[in-house]
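What follows is each chain in one-letter form.
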Amino acid sequence: DTGVSQDPRHKITKRGQNVTFRCDPISEHNRLYWYRQTLGQGPEFLTYFQNEAQLEKSRLLSDRFSAERPKGSFSTLEIQRTEQGDSAMYLCASTTFGQGAGANVLTFGAGSRLTVL
Amino acid sequence: DAKTTQPPSMDCAEGRAANLPCNHSTISGNEYVYWYRQIHSQGPQYIIHGLKNNETNEMASLIITEDRKSSTLILPHATLRDTAVYYCIVSLGGSQGNLIFGKGTKLSVKP
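No experiment lies behind these values; they were computed from the predicted model shown.

Chemist: Explain the overall build of chain A to me, please; I cannot follow it from the model alone.
Modeler: Of the regular secondary structure elements, chain A holds 0 helices and 11 strands. In chain A, the succession of α and β elements from N to C terminus is β-β-β-β-β-β-β-β-β-β-β. By the compact-globule yardstick of 13 Å for 117 residues, chain A fits well, its C-alpha radius of gyration being 14 Å. In terms of principal-axis extent, the alpha carbons of chain A reach across some 40 × 25 × 25 Å. For chain A, buried positions account for 47% of its 117 residues.

In structure tokens, the structure reads:
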């Protein structure tokens, strides 16, 4: 297993266009997280899934943001009608759900960098 | 908001120990302390975590004070590759804990 994979690594788009990012977690991991990171800030939690169920989505930044994990494996994060303020690094992470501290030991991907012109 | 306070930056000489402090005075009894680091242009990397006792692994040691209001991450022999932003996070375990990152400490290891 090569870890958490994210695609594309870089995306440049024009304001108003839709973009989609894909995350392939570690195969045996049933929890998948999305974070956003802007320059000089720490990662900001957006949403997470356990298998195909989206358990938390109140932190998604607006209704232009949506995420899916239809078969409990890979996930997609879509941003509709992009704005310049959406320019950021979008990070995906995964882990194996369990009780205790290990549930927060996340493996992150390298991220997808979005630039909105 | 993050529940931790860290210095924004620190320097360390290569080969020396790097001691990164973190204050978490409002930590509750069932919250863990986690440390992650982020090397430039990469995703964050898990380092270590602890609840009450000091912990050590192949990457680092974590020292938690007896009152649990602060902790120190120790990199025993820092190398240039340890230059990164280090994040201290407190969180519940299990299904209730999502990691809330602050701005972290930018550690610069110098030759």
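Chemist: What should I look at first to understand the side chain of Ser112 of chain A in this one?
Modeler: Residue and element names in this part refer to chain A. Mapped onto the elements of the fold, Ser112 is located in strand S11 (residues 112–116). At a separation of 2.6 Å, a polar atom in the side chain of Ser112 contacts the main-chain carbonyl oxygen of Pro8. What Ser112 contacts, discounting residues up to four positions off in sequence, is Gln6, Asp7, Pro8, Arg9, Phe21, Ala88, Met89 and Tyr90.

Chemist: What exactly am I supposed to notice about the interface of chain B and chain A here?
Modeler: Each partner contributes residues to the interface: chain B has 23 residues there, and chain A has 26 residues. When the two sides are added together, the surface that chain B and chain A hide from each other amounts to roughly 1,700 Å², 51% of it contributed by carbon and sulfur. Between chain B and chain A we count 0 salt bridges in total. Counting every contact that joins chain B to chain A gives 5 residue pairs in polar contact (both at pLDDT 80 or more). Within the residue set of the side of chain B that touches chain A, elements represented by two or more residues are strand S3 (31–38), strand S4 (45–50) and strand S8 (84–92) of chain B. For the side of chain B that touches chain A, the per-class residue count stands at 10 nonpolar, 12 polar and 1 charged.

Chemist: Just to check I follow, could you spell out the sheet that holds strand S9 (residues 105–110) of chain B for this structure?
Modeler: Consider a sheet: its strands pair through backbone hydrogen bonds, and that pairing is either parallel or antiparallel. Residues and elements named next belong to chain B. Within the open sheet, the 5 strands sit side by side as S1-S9-S8-S3-S4. Their pairing is mixed. Of all the strands in the sheet, the pair left with one neighbour each is strand S1 (9–13) and S4. If you compare each strand with its neighbour and ignore which way they point, the axes differ by 25 degrees on average. Looking at chain direction, S8 and S9 are connected through 3 bridges and run antiparallel. When the sheet's bridge partners are listed, Tyr86 is paired in S9 with Thr105.

Chemist: Where do I start with the sheet that holds strand S8 (residues 75–79) of chain A in this structure?
Modeler: Residue and element names in this part refer to chain A. One open sheet holds the 4 strands; their spatial order is S1-S3-S8-S7, and the pairing between them is antiparallel. At either end of the open sheet lies a strand with only one pairing partner, and these are strand S1 (5–7) and strand S7 (65–68). Going from strand to strand, the sheet's axes swing by 15 degrees on average, the running direction of each strand aside. Of the strand pairs in this sheet, S7 and S8 are connected by 4 bridges, and their pairing is antiparallel. Pairing of Ser66 across the sheet is with Glu78, part of S8.

Chemist: Help me out: how do you make sense of the environment of His49 of chain B in this one?
Modeler: Residues and elements named next belong to chain B. One can find His49 in strand S4. Residue classification places His49 among the partly exposed positions, given a relative accessible area of 21%. Sequence-wise, His49 and Leu75 are 26 residues apart; in three dimensions their C-alpha atoms are separated by 14 Å. A polar side-chain atom of His49 sits 2.6 Å from a polar atom in the side chain of Tyr46.

Reading the values: rules and limits
Residues numbered from 1 in each chain as written. Chains lettered and ligands numbered in written order. Predicted model: local features only at pLDDT ≥ 70, side-chain atom pairs only at ≥ 80, totals over all residues. Heavy atoms only, no water. Helix = DSSP H or I, 4+ residues; strand = E, 2+ residues; numbered from the N terminus. Rg over C-alpha atoms; globule rule 2.2 N^0.38 Å. Buried < 20%, exposed > 50% of the residue type's maximum accessible area, 1.4 Å probe, protein only. Polar contact = N/O pair within 3.5 Å; in protein donor to acceptor, adjacent residues only side chain to side chain. Contact = heavy atoms within 4.5 Å. Buried area = accessible area lost by both parts, 1.4 Å probe. Salt bridge = Lys/Arg side-chain N within 4 Å of Asp/Glu carboxyl O. Nonpolar A, V, L, I, M, F, W, Y, C, P; charged D, E, K, R; others polar. Pairing = 2+ DSSP bridges. Axes fitted to C-alpha atoms, helices over the stretch in contact; angles between N-to-C directions.

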